[in-house]
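What the coordinates show
Given next are the chains, with one letter for each unit.
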Amino acid sequence: MEFDFATQLGFRGLTILTFLPTAGAVVMLVFMRRRPSAYKATALVTTILTLILAIYLATQFQSDTAAYQFQENESWIASLGISYHLGVDGISLLLILLTTLLSVVAIAGSWNSIKDRGLAFFISLLVLETGMLGVFVSMDLFLFYVFWEIQLIPMYFIIGLWGGARRVYAAIKFFLFTFAGSVLMLVAILAVVWWYASNGGPLTFDILTLQQVGFPGATAAWAFAAFFIAFAIKVPMFPVHTWLPDAHTEAPTAGSVILAGVLLKMGVYGMIRFCIGFFPEMAVKAITPVLILSVVAVVYGAAMSLVQPDMKRLVAYSSVSHMGFVTAGLFVFNQQGIEGSILQMVSHGILTGALFMMVGFFYDRTHTRMIADYGGMAKPMPVAAAFFSLFVLGSLGLPGLSGFVGEFLILVGVFQYAQVFAVLASIGIVLGAAYLLWMYQRTMFQPANEKWLSLKDLSAREIITLVPLVGMAVWIGIYPHTFLNLLHAPAQNIMMQVQPYLAEHSNSLLRLASSLFGGF
Amino acid sequence: MQASDLITVLPELILLVAACAVVLVEPFLKADKTAVLAIALTALVGSGALSLGLAGEDRTAFAGMLVLDDWAVFFKVLFAVAAALTILMSSRYLEAHGRHLGEYYALILFAVIGMDLMAASRDFIAFYVALELMAISSYILAAFFRYRVRSNESSLKYFLTGSFASAIMLYGISLVYGYAGATNFQTVGQALAGASGSGGEGVSAGVLLAVFLVAIGLAFKVSAAPFHMWTPDVYQGAPTPVAAFFSVGPKAAAFSVIIVAFIVAFPAQAREWGVFFIVLSILTMVVGNVFALVQTNVKRMLAYSSIAHAGYLLAGIGAMGWSGNSYPGHGVLIYLVAYTFMNLGAFGVLAYLKTQAPDKFDYSLKSLAGLGRRSPWAAVLLSLFLLSLAGIPGTAGFIGKFYVFGAIVQADLVWLAVIAVLMSAVAVYYYLRVIMYMLFREPEEEFAVKEPISGGMAAALALSAIATVVIGVVPSWLWDAVVSAFTTLFN
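All figures in this text were calculated on a predicted structure; none of them were measured in a lab.

1. Notes on the overall build of chain A
Of the regular secondary structure elements, chain A holds 20 helices and two strands. Relative to the compact-globule value of 24 Å for 520 residues, chain A shows a C-alpha radius of gyration of 22 Å, a close match. Taking the principal axes of its C-alpha atoms as reference, chain A extends roughly 70 × 65 × 45 Å. Out of the 520 residues in chain A, the part that is buried amounts to 60%. In chain A, of all internal contacts separated by at least 6 residues, the share reaching a separation of at least 24 is 80%.

2. With respect to helix 21 (residues 476–489) of chain B
Residues spaced three or four apart along an α-helix face the same direction, because each turn holds 3.6 residues. Residues and elements named next belong to chain B. Compared with an ideal rise of 1.5 Å per residue, which puts 14 residues at 20 Å, helix 21 spans 20 Å between its outermost C-alpha atoms and is within 8% of the ideal. Buried residues of helix 21: L478, A481, V482, A485 and L489, and no others. Around the axis of helix 21, the buried residues are gathered within 100° of arc, so they sit on the same side. Within helix 21, the exposed residues directed more than 90 degrees away from the buried face are W477 and D480.

3. Some thoughts on the confidence of the model for chain A
Taken over all residues, the pLDDT of chain A has a mean of 87, while the share at 70 or more is 96%. Averaged pLDDT values over the elements of chain A bottom out at 77 in helix 20 (residues 481–517) of chain A and peak at 92 in helix 5 (residues 141–150) of chain A.

4. Thoughts on the environment of I494(A)
All names here are of chain A. Considering the arrangement of structural elements, one finds I494 in helix 20. C-beta crowding within 10 Å serves as the criterion here: with 25 such atoms nearby, I494 is assigned to the buried category. Put simply, I494 and T242 are 252 residues apart on the chain and 30 Å apart in space, counted from C-alpha to C-alpha. Every residue in contact with I494, bar those within four places of it in the chain, is listed here: I272, I276, F333 and I338.

5. Looking at the confidence of the model for chain B
Residues at a pLDDT of 70 or more form 97% of chain B, whose mean pLDDT is 89. Low pLDDT, under 50, characterises residues 197–201 of chain B; the predicted model gives this stretch three contacts beyond four residues in sequence or across chains.

6. What about the packing of helix 1 (residues 13–31) of chain A against helix 4 (residues 118–137) of chain A?
Residue and element names in this part refer to chain A. Closest axis-to-axis distance for the helix 1/helix 4 pair is 9 Å, and the angle between their directions is 165°. As judged from the angle between their axes, helix 1 and helix 4 are roughly antiparallel. When the axes of helix 1 and helix 4 are compared, the crossing they make is left-handed. Residues L14, L17, T18, F19, P21, T22, G24, A25, M28 and L29 of helix 1 form the contact with helix 4, whose own contacting residues are L119, F122, I123, L126, V127, E129, T130, L133, G134 and V137. For the contact of helix 1 with helix 4, a count of residues per class yields 14 nonpolar, five polar and one charged.

7. Focus: the interface of chain B and chain A
Taken together, the contacts link 24 residues of chain B with 23 residues of chain A. Mapped by element, the contributors of at least two residues to the side of chain B that touches chain A are helix 18 (396–410), helix 19 (414–440) and helix 21 of chain B. With 13 residues, the single largest contributor to the side of chain B that touches chain A is helix 19 of chain B.

8. Digging into the nonpolar core
With 419 residues, the main nonpolar core has V187(A), A40(B), L109(B), I408(B) and A417(B) as its most contacted residues. The contact partners of A417(B), leaving out residues within four places of it in the chain, are V187(A), L190(A), F405(B), I408(B) and V409(B).

9. Looking at the environment of S138(A)
Residues and elements named next belong to chain A. With respect to the helices and strands, S138 occurs in the loop between helix 4 and helix 5. Looking at S138, the number of C-beta atoms within 10 Å reads 25, which means it is buried. For the pair formed by S138 and H85, sequence separation is 53 residues and the distance between their alpha carbons is 6.2 Å. S138 has contacts with L86, L143, F144 and F147, leaving out every residue within four places of it along the chain.

10. Here we look at unusual backbone geometry
For the peptide bond that leads from V235(A) to P236(A), omega is -10°, which places it in the cis range. Mapped onto the elements of the fold, P236(A) is located in the loop between helix 9 (217–234) and helix 10 (243–250). Going from F238(A) to P239(A), the amide bond is cis rather than trans, its omega being 0°. Along the chain, the position of P239(A) falls in the loop between helix 9 and helix 10. The phi angle at D412(B) is positive, at roughly 65°, despite the residue not being glycine.

11. What to know about the pairing of strand 1 (residues 69–77) of chain A
All names here are of chain A. Here strand 1 runs beside strand 2 (residues 82–88); their pairing, made up of six bridges, is antiparallel. Bridge pairing in strand 2 places N73 opposite H85. Where strand 1 folds back onto strand 2 in an antiparallel hairpin, the turn is made up of four residues, including G81, whose phi is positive at roughly 70°.

Procedures and definitions
Residues numbered from 1 in each chain as written. Chains lettered and ligands numbered in written order. Predicted model: local features only at pLDDT ≥ 70, side-chain atom pairs only at ≥ 80, totals over all residues. Helix = DSSP H or I, 4+ residues; strand = E, 2+ residues; numbered from the N terminus. Rg over C-alpha atoms; globule rule 2.2 N^0.38 Å. Buried ≥ 20, exposed ≤ 12 C-beta atoms within 10 Å, placed from the backbone. Contact = placed C-beta atoms within 7 Å. Expected span 1.5 Å × (residues − 1). Arc of directions from axis to C-beta. pLDDT = per-residue confidence, 0-100. Axes fitted to C-alpha atoms, helices over the stretch in contact; angles between N-to-C directions. Parallel < 35°, antiparallel > 145°, perpendicular 65-115°, else oblique. Left-handed = near helix turned anticlockwise from the far one by under 90°. Nonpolar A, V, L, I, M, F, W, Y, C, P; charged D, E, K, R; others polar. Core = buried A, V, L, I, M, F, W, Y, C linked by C-beta atoms within 7 Å. Pairing = 2+ DSSP bridges.

Written out as structure tokens, the structure reads:
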């Protein structure tokens, strides 16, 4: 098939997509500094336009190939072989759709809850969106790193300026954890680039070129480790997850939605692109440790959720558990595992985002997040309780909603690889049902707390904010084909990359087994 | 000496004339010193522009002591810009402290002449004389608030440690002369390459002692640990714009000499001085960053941070010696330019706050609390400069680090790069803490700071901010300048 992906659009779709939010932010800063309704409207319109553009790009996307599409490639810093190279495949496209959708939701959801320094807040959210989109469209390591780091700054301010009581601590912890990981990644980036440049290749930061290289032994081993640690912190995997409960809990609602919905996914995305894309051999060698850490995260996150007295912290720990599923599914390297893992990312983004949104709506009314302070909320707020139940059920994996599809595919994939991990991971699902339903019961039913009887139910704005999330959860739950269709080709591509090493790996597993059990 | 030799030092002659003019004009002025400021500024702009116009020239003058090549041009322009920004930041600050005197401008100009000649010198004697010209002007500048104890202490410390360093370096130079029989860099290089046995018989201990003594003397000037003790006290005591100038100008001049002298005069001992600078860089990075962590005075914190930055730069120098390749040096030059703008900018904002509230603002973190609400522009600008110092992408600081660390990795010193990046992760903490105080905390002490920032200070801060962002986004032109500087160095 001869198809020129560079010119399929006829305009610079990805550049416009990435920088449209920043353009909106500039307009707000210059023209409407003192008019809250104007800058809020501009922020909302900007994110909606970005979402529409993302959907348009999705309709133009050729889903039958793993090739990167809508590519743009300009030389940027010639002395180092750095270029402004953009492109997307099915995986990044799906994450872009998620990002643009959640950005709209985050802005609509914080319409009235940000009273202080609103302009700075909405500008931060828009700049953050540019940073996140940039990460997903970059085809150049330098560009990727720039976006990866830049999105830390608005997030740091969002947590630190508009967060809860311990916001300053949470903001610094978030920044330092991620930064420490990413500077190691910087050295790894430099190391692979210079290794290639001094072993016959040109000096280039182009991701596609470097994916073809095949880095040898020692360089690959520790560069893989550096990349992996950076991304594992972001995911976050056990045991480097400790920044997450603080950051998610202290962030304002919109911050939590974006953190859980998109920022965590950047870690997995990085693993796919670099840990697996650059070092397939090392990725195969890492399967067992990654699976062990993932299963620990699944069970540990769920167990921690069970004992949280704070609703937001409970949802935060449930993210650790759900992201454990994602990394487990990715690292078994079969079709179901990989596709389930990416679909689970999208589903988790939608459902956890929605749960944070709901907690935020309750908090706006009651100013408490403690489960013990609630009770009988279904009485004054029946509509909210209905939405909440839907998201809780989706999150615990009820068939027909998005959470089920992802987790099911992941479990099928993991089961094929090693049954024991699938069995252990399913403990997480059981616990998930327990902590979510228990929380729902304690907050929504139980004897009503007199204080809350006069609360108003969700407003029209709040309902409109939630409807797209419900729609997506149901869509993915009932007809996941639309989204899985985008993932077939990239998943095949990942499997092809690791195939040669996987055979060797399973042979060595067999040898290990036969030496242990005396041979067959 | 021929008449054409004077063209080689024409930019410095302009500055010299201007400096004398400043001193002569000043007595005839009343309170308003705008005239001397204008003279000094015009001279700096003229000297910088003239240097730029002389780019591409390749002249040697005064019996090989001074040259005019792209290397010298690169640094002369940098020094002119740094000094011009400093002057723009100074006038209101000095007025607020009642010390707005013409000598200040003359001394800055003399220091710039010294720095220019350091970058242009290719001879140990010429270099030493230029260094002293710069140093003596600096000692006086540090004591410019002579009625203040801290300012005097600053100057005295600077003078004592500076003279001590000069003495050590002079001893090294005299040993070099003893071994090589010459003071010209190139001649020394050829002589020592023969003397120490390029055939592989090892390097003579005496020559190494000479090399290390020169290195130690220069390490004092760039405030590398363990020769850094003077830095925090000097920066804290000196007038803030002067501290800003010290942290960029003399430091860049010393780095220029380190690169030129060690590449040209001591290439045969590259491996040894490479190791020496690597060890020094690790110490400097650790000491600078760890001590900066515990500072509550922002000016002092910036002093330790400038030590840390010297550490990153020295790591580049070390990698240059270790690999015998000038590539890491390219990164050092880019870093120096980036550092000049962001550090001047950061000190500039502090100077502005001090000018506006001389009594209430005492450079402590606490007095910065809630600045974001009172004067958003100052807070945003200081945040930008601090993020750049921290090395966040999109700013000049990141580009500098990227080039230097990249070159260190290329020199097969991955472990050194790991130390450097981990140390810069530590640094993020203390830079962010300042931002945290400014933006996240409520004010503890109210003082009004006039906004928008106006006059020379506004121009200086705007220029620094624009340069910080432009270098961060499109650094290619800077790279071209660095490459041509290095090319002429090896001719």
